[in-house]
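The residues making up each chain are set out below.
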Amino acid sequence: FKPLDHMQILAQNNWAEFERIGKVSGSRSYALKNELLLLEMALHRFALCKLQQRKMTLISVPAFCREEALVGTGHFPTGREQAYHLQADDLYLAGTSEVQLNSLHTGEILEESQLPIVYAGYSPCFRREAGSYGKDVRGLIRVHQFMKVEQFVICRNQAEESAKWHQALLETSEEILRDLELPYQVVDVCTGDMGPGKFRQYDLEAWVPSENKYRETHSCSSLYDWQARRSQLRYRDSEGKVRFCHTLNNTAIATPRILVCL
């Protein structure tokens, strides 16, 4: 049989509102309803519990941040057009909790014994999606506001340590997709397709039957000390030398993106 599109399924079950909320909040807005809202909340709780079992520190962060935090992660200056600016307060709405978590220890000199610091960040996320008009704009794809649980690691400045954590973050997200019974593939992203400062990146893509293709659900990145240098994220090693940390990140669950696949 021909699989139904996610918009057809949403309409049949009264699970979302688009046209009415669009009149109130503008294009690319959505309102989840009834069981789908409960499913979204359950998915985030599921991901947070799984990350807590892996001894990650659960943390919720504000939606907004100062400009220097976005510079620290490398989202600025090149991605400035993607961020919403609150001019009256000179604050920005962040597109991921990675932004706030990367600057949480700015200015501190951590002790090596404190590392690794492993966060599971939960937050609303905002992206203007500038430049993407005309493609993938239907329903729950490429929306301006979404919720996400993000994995974020601060570790020692060692290649083998970064590689270990990069694999661990990837395996956690793979396990989440398997638990949700979503067919998926792992893409080893080539250098030319990676964002600024990334040393290595894996994308996880889950299958969307109605589109007969995979869609990205997770992005797993190792940045070595690139972000740490921008954010002054440092630690003192066992020999007393102050070094820049390594940082890594990966999605755990992002909604409503994952709902399209489900």
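In the block above lies the structure referred to throughout.
Just so you know, these numbers come straight off a predicted model, no measurement behind them.

Asks: Just checking my understanding: could you explain the environment of D89 for this structure?
Replies: Mapped onto the elements of the fold, D89 is located in the loop between β5 (84–86) and β6 (91–93). When its relative accessible area of 54% is taken as the criterion, D89 is described as exposed.

Asks: Would you mind showing me how to read the packing of helix α3 (residues 34–53) against helix α6 (residues 159–179) here?
Replies: Packed helices, taken two at a time, are described by the angle between their axes plus the distance between the axes. Running from N to C, α3 and α6 point in directions that differ by 135°, and their axes come no closer than 11 Å. Compared by their axis directions, α3 and α6 come out oblique. Classified by chirality, the crossing of α6 by α3 is right-handed. Contacts from F46, K50 and L51 in α3 reach T172, E175, I176 and D179 in α6. Looking at the contact of α3 with α6 residue by residue, the classes come out as 3 nonpolar, 1 polar and 3 charged.

Asks: Looking at this structure, I do not really get α3. What am I missing?
Replies: An α-helix turns once every 3.6 residues. As a result, residues three or four positions apart point the same way. Between its first and last C-alpha atoms α3 spans 29 Å; for 20 residues at 1.5 Å apiece the expected length is 28 Å, and the two agree. Listed as buried for α3 are L36, E40, L43, H44, A47, L48, K50 and L51. Looking straight down α3, one finds that the buried residues subtend no more than 165° of arc, so they occupy a single side. Opposite the buried face of α3, by more than 90 degrees, sit the exposed residues L38, M41, R45 and Q53. The positive-phi residue at the C-terminal boundary of α3 is K55, with phi of around 65°.

Asks: What's the story with the packing of aromatic side chains in this structure? I'm lost.
Replies: Two aromatic rings, taken as a pair, are described by how far apart their centres are and by the angle between their planes. According to the stated counting rule, one finds 3 aromatic pairs in the structure shown. Between F199 and Y224, the aromatic rings sit 4.0 Å apart at their centres with planes inclined by 15°, giving stacked as the arrangement. Taken as a pair, F199 in the loop between β10 (184–188) and β11 (200–208) and Y224 in the loop between β12 (213–222) and α7 (226–231) lie far apart in primary sequence, 25 residues in all. The exposure class of Y224 is partly exposed, given its relative accessible area of 23%. Each ring, one from W207 and one from Y214, has its centre 4.9 Å from the other, and the planes form 65°; the classification is edge-to-face. The ring centre of F76 lies 4.4 Å from the NZ or CZ of R80, which sits over that ring.

Asks: How should I be thinking about the state of the cysteines in this particular structure?
Replies: A complete count under the given rule lists 0 disulfides for this structure. Between C155, a cysteine without a disulfide, and C245, which holds the nearest cysteine sulfur, the sulfur-to-sulfur distance is 7.9 Å. Judged by relative accessible area, C155 falls into the buried class, the value being 0%. C261 takes part in no disulfide bond, and the closest cysteine sulfur, belonging to C125, lies 17 Å away. With relative accessibility at 8%, the residue C261 sits in the buried group.

Asks: Help me understand the environment of Y119, please; the structure alone is not making it clear to me.
Replies: Its place among the elements puts Y119 in strand β8 (residues 117–126). Take Y119: its relative accessible area is 9%, and that puts it in the buried class. Between the alpha carbons of Y119 and F152 there is a distance of 5.1 Å; along the sequence they are 33 residues apart. Leave out the neighbours within four places in its chain, and Y119 touches M56, T57, I59, L101, L104, H105, E150, Q151 and F152. In this structure the side chain of Y119 is engaged in a polar contact, spanning 2.8 Å, whose partner is the side chain of H105.

Asks: Would you mind going over α6 with me for this structure?
Replies: The first and last C-alpha atoms of α6 sit 30 Å apart over 21 residues, in line with the 30 Å expected at 1.5 Å per residue. Two residues or fewer after α6 comes E181, characterised by a positive phi angle close to 60°.

About the criteria used
Residues numbered from 1 in each chain as written. Predicted model: local features only at pLDDT ≥ 70, side-chain atom pairs only at ≥ 80, totals over all residues. Heavy atoms only, no water. Helix = DSSP H or I, 4+ residues; strand = E, 2+ residues; numbered from the N terminus. Buried < 20%, exposed > 50% of the residue type's maximum accessible area, 1.4 Å probe, protein only. Axes fitted to C-alpha atoms, helices over the stretch in contact; angles between N-to-C directions. Parallel < 35°, antiparallel > 145°, perpendicular 65-115°, else oblique. Left-handed = near helix turned anticlockwise from the far one by under 90°. Contact = heavy atoms within 4.5 Å. Nonpolar A, V, L, I, M, F, W, Y, C, P; charged D, E, K, R; others polar. Expected span 1.5 Å × (residues − 1). Arc of directions from axis to C-beta. Phe/Tyr/Trp six-rings, centres within 6.5 Å; stacked < 30°, edge-to-face > 60°. Lys NZ or Arg CZ within 6 Å of the ring centre and 35° of its normal. Disulfide = S-S within 2.5 Å. Polar contact = N/O pair within 3.5 Å; in protein donor to acceptor, adjacent residues only side chain to side chain.

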